[in-house]
Amino acid sequence: MTLYAVTFYLLGIAILTATGLAVTRRQPVHAVLYLIVAFLGTAALFFLLGAPLLAAFMVIIYAGAIMIVILFIIMLVQGSPREVGPLSDWGPALLLGVVFLAVAVATIFKDPGSRIVLQGAVAQPRDFGRFLFDRYWLAVEIVSILLLVALVAILHLGKGRDTEETEKGPSPHLSPPGGEGKDEEVSYHKEGH
Amino acid sequence: MIVPLGHIFLLAGIIFSMGLVCLVAHRNLIMTLIGVEVMMNAAAIAFIAAALRWKLMEGQAFVLFILAVSAAEISLGLALVVSVYRRTGSIDPDRYDILKW
Amino acid sequence: MAAILATWLPFISFLLIMVFTRNRRRLSGGIAVAAVTGSLAGAVFLLVQNWDAGKPIHYASRWLIAGDISIPFGFLLDPVSLLMLLLVAAVSFLVQVYSFGYMAGDPGFSRYYAFQSLFAWAMMTLTISSAMLQLYVFWELVGLSSYLLIGFWYERFSATQAGKKAFVMTRLGDVAFFIGLLLVLLHLGNVEILEMNSAEAAVRMNSGLLTLTALLIFGGIVGKSAQFPLMTWLPDAMEGPTPVSALLHSATMVAAGVYLFARLFPFFSHSSDAMTVFLAIGTVSMLLASTMAMASRDIKQVWAYSTISQLGFMIMGLAAGSLFAGTFHLTTHAGFKALLFLCSGVWVHLYETNDVYEISRRGGRRLKTPTVCLVIAAAALSGLPPMSGFFSKEAILSALAGLENPVWLAAGLFGVFLTAYYAFRLIFIILFPRGEVREEPPNHSLEGMGALYWAMGLPLLVLAGATVVLGFLEIPLREFLSGGTAAHPSADHGWLPYISAGLAALGVGITWSEFGRRAAPQIGFVERIPPLKELFTQRWYLDHVYRWFVNIIIDGFFSKACTKNEDRVINDSIDEFCDFTLDSGHLLSFLQSGKLRYNLIVMFAALALVALYFLLP
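Bear in mind that the values here come from a model prediction, so they are computed numbers and not experimental data. (Residues numbered from 1 in each chain as written. Chains lettered and ligands numbered in written order. Predicted model: local features only at pLDDT ≥ 70, side-chain atom pairs only at ≥ 80, totals over all residues. Heavy atoms only, no water.)

1. What about unusual backbone geometry?
Defined as follows: Comment: elements are numbered from the N terminus, with helices defined as DSSP H or I runs of at least four residues and strands as E runs of at least two. Any residue under 20% of the maximum accessible area for its type is buried, any over 50% is exposed, and the rest in between are partly exposed; the area is computed with a 1.4 Å probe on protein chains only.
Residues Phe-228 of chain C and Pro-229 of chain C are joined by a peptide bond in cis, for which omega reads 0 degrees. In this fold, Pro-229 of chain C is placed in the loop between α9 (207-224) and α10 (233-236). One non-glycine residue with positive phi stands out, namely Lys-55 of chain B, at about 55 degrees. Mapped onto the elements of the fold, Lys-55 of chain B is located in the loop between α2 (29-54) and α3 (58-88). For Lys-55 of chain B, a relative accessible area of 45% corresponds to the partly exposed category. In the Ramachandran plot, Ala-226 of chain C falls in the positive-phi region, its phi being about 55 degrees despite a non-glycine side chain. One can find Ala-226 of chain C in the loop between α9 and α10.

Here is the structure:
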């Protein structure tokens, strides 16, 4: 039981707890906050497993940028705060989760290669950067184009409908946000699902 | 000297399952997206472990790509959520049942 | 060849009448009679030509071929069939001539002659068929024409009921017949009569199978010849016109059963158990029918019961082992039974009533030709010498005497007594009317009939002559039927003729004392005993048994079971199937619930399944 192993297990427990809590929150804001903790833990785990550059990237990009964006959108999309909160039909989801987990565990432990104890190693950022731009420069370029495309798309999506929609109001295609179970509405969806 | 590979994969698997549960059990689109994020996180952990096992840096490069793609996808997803919210006033996926026969 | 022409002429006549000449009565009648005359000429020619032929003439062409099994269609002319052919042609001819007078003025005249032609064709082809399947086809056709002719006056409900009853009851027997045929086909490979009669059959089929097949085929005979237990259709069949009764239900169609017996005589005689059963059935029918005749007031019904009884007698003769006795009695019976019916028909036609007492009271005995012929025929029926009936009954009784068990002979002699009783009961009722003799003029005046009178009268005379003469032809016929080998039977039952004649005379005497004497009350001894009278009049409650059977077992049990099966099993199972489809659709519709989450669940479940596929070795 080396120090590294102890650290790993502690970090693992931390990540699991944080993720578990994040998943079961009703309020999205709480979930996001717990998730930030989970990502920080993941970054530490990356550090342990020999990827310091990636650990830094995790903190900056994931915990720093993405979670903040989600927070912004949560604030933007108010809805009716309580109503979209409740968690229903945990049943099928839990069943799926359990099944998936069982299959995953079986797959992992069937492979004899999973018993190999890892040896510690660190990928220094300098070497990692050189490696990346040496061999996979094309992939990097493509990823940057991907980001450009995403940027353009978001700008378009965020902008185009704004002026038309706010005057007309919500379109009548979908069932109005009056909650389920209103008998008088002639809606498409039926009870019982 | 650190841990058996299987344990790390097990950790990744559990995190993935939790993300899956979050994905399908919430009635909030944003929670769905958070579930996706969690799953990507698990995938990244698995890749790092594999990179360490074979001492190849491709694994870490791929984690970088996962990061980048995840960023793009989450922002796009959130833009779509906003758009849908503007259109219908709700972010409960159960309300979008036009496709139901 | 002549045989084909002879048998198919009436068929052409049937077609012509039905299609072309429905409206022209005389022409239809003429065509039919001309056709049957041609048949008669052909039959006579064939008989004369083949009188001495030692081997039967066999001509067959292939009809149905399936693998190894080939069923031919052709004709087989051996002594029995030639004799029967002549008999059928002659009686058909006489009856059709007679019908000119009987059916004159009837709106269905052409239809009547068409059906008569159909019957003649079917019966004659049945007679000379060479394979059992062909015989079965024409057997059914004969049944069809019987149905058509019984229900000829279809406006009468009772007539249509009677036709239906006849058809259904004979059909019942035919089912057994067909099963027997199939068994033969299965084991012998073909159904040719020659093959079945040969000694080979006994080798190829074991005795149990032979007995079973014989019994099944006999089932058809029971149906067609109205033996016990399928006998109640024949009295009801008297709803048809009297010439029809004379032709079909006395001389030819019901004789088809006995004829079949004679045809397959070698086949049946392989199995002695079956022959014993046949003997029993014949005896029972004979006795039952005679008792029923003793209490009946309807002139045609008495002769109908008599037909059943005499057919039973013939079957007894055949089953006792003597082909000649049964066939000879068949021939003579055709003659005098047709005569009896035709004579009765004269009165029925004139007075439009079937009741004997009515006929006698209205002065029936004043018509000389029918009365004389009736007496002659009744004497033949009772077996009084020197009529033909005496000789043929003689032959049967000596065959019965040759059996080990004296019960059969005793039954036969008792039957002779009963026959004489009921026949002469009728005669004396007609001859000596009681009560007021209302000398009313008949409904159809005789003088106004002109030539038609002789149309009805001549056949009577011809048949009467045949009745008297046929008895003396016994020896030549015996030679002919044995195929030329003059095999004289062991005639050491010399006392038998005297006993039978004596019994017949006893019957006549008793009826004379009850009906014939001046002061006689005209009530038979049977009718004095009410339970017996009831029993005999109700046909030994056979009809009641059948009605009960149909109601309780078939309607109550089978019909209900089948209806329930149809409703609950078939209908409901199909409904369940449809409901199952609908329900499974409902079940699977959650996939299309329109809810995003469920689609995602399914997606990841599929992923897990794929992982499982790679997990398993």
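2. Considerations on the environment of Trp-233 of chain C
Residues and elements named next belong to chain C. Threshold: The contact rule is simple, with two residues in contact once any of their heavy atoms fall within 4.5 Å. Under this definition, polar contacts are N or O atom pairs within 3.5 Å; protein pairs additionally need one hydrogen-donor-capable and one acceptor-capable atom, and for neighbouring residues in sequence, both atoms have to be side-chain atoms.
Its place among the elements puts Trp-233 in helix α10. Excluding residues that lie within four positions of it along the chain, Trp-233 makes contacts with Lys-165, Ala-166, Met-169, Thr-170, Gly-223, Lys-224, Ala-226, His-249, Met-253 and Val-254. Within the structure, the side chain of Trp-233 is placed 3.4 Å from the backbone oxygen of Leu-230, a separation counted as a polar contact.

3. Some thoughts on a negative patch on the surface
Residue and element names in this part refer to chain C. As a reminder, the rule being used: For patches, a residue must show more than 30% relative accessible area and have no salt bridge; joins then use 9 Å for like charges and 5 Å for nonpolar side chains, namely Val, Leu, Ile, Met, Phe, Trp and Tyr. Note on areas: these come from Shrake-Rupley sampling with a 1.4 Å probe, and a residue is covered only by the protein chains present in the view. Basic side-chain nitrogens of Lys or Arg form a salt bridge, by our definition, when they fall within 4 Å of a carboxyl oxygen of Asp or Glu. As used throughout, the charge tally considers Lys and Arg to be positive and Asp and Glu to be negative, leaving His and the chain termini uncounted. Charge positions are represented by NZ for Lys, CZ for Arg, CG for Asp and CD for Glu.
A surface patch of negative charge is lined by Glu-566, Asp-567, Asp-572, Asp-575, Glu-576, Asp-579 and Asp-583. Locating Asp-572 in the fold gives a position in helix α25 (residues 542-588). Note on Asp-572: relative accessible area 34%, which makes it partly exposed.

4. Considerations on helix α3 (residues 52-76) of chain A
Working note: α-helix, 3.6 residues per turn, so residues spaced by three or four point in the same direction. Rules: Any helix carries an expected span of 1.5 Å times its number of residues minus one. We define the bend at any residue as the angle between the axes fitted to the seven residues before and including it, ending there, and the seven starting there.
Counted at 1.5 Å a residue, the expected span for α3 of chain A with its 25 residues is 36 Å, and the 35 Å between its end C-alpha atoms agrees. At Met-58 of chain A, α3 of chain A shows its maximal bend, which comes to roughly 30 degrees. Elements in contact with the buried residues of α3 of chain A: α2 (28-48) and α5 (125-135) of chain A together with α2 and α3 of chain B.

5. Points about the nonpolar core
Applied cut-off: Among buried residues, those of type Ala, Val, Leu, Ile, Met, Phe, Trp, Tyr and Cys that are joined through side-chain atoms within 4.5 Å constitute a nonpolar core.
In this structure, Phe-261, Phe-268 and Phe-278 of chain C are the most contacted members of the largest nonpolar core, which totals 180 residues. A total of 17 residues in this core trace back to one element, the largest contributor, which is helix α16 (residues 323-351) of chain C. In contact with Phe-261 of chain C, not counting residues within four places along its chain, are Phe-218, Ile-221, Phe-268, Met-275, Phe-278, Ile-315, Leu-318 and Ala-319 of chain C. Formed by 88 residues, the second largest nonpolar core is a distinct cluster that contains Val-32 and Leu-49 of chain A, Met-39 of chain B together with Phe-604 of chain C.

By themselves, these figures tell us nothing about what the structure is for.
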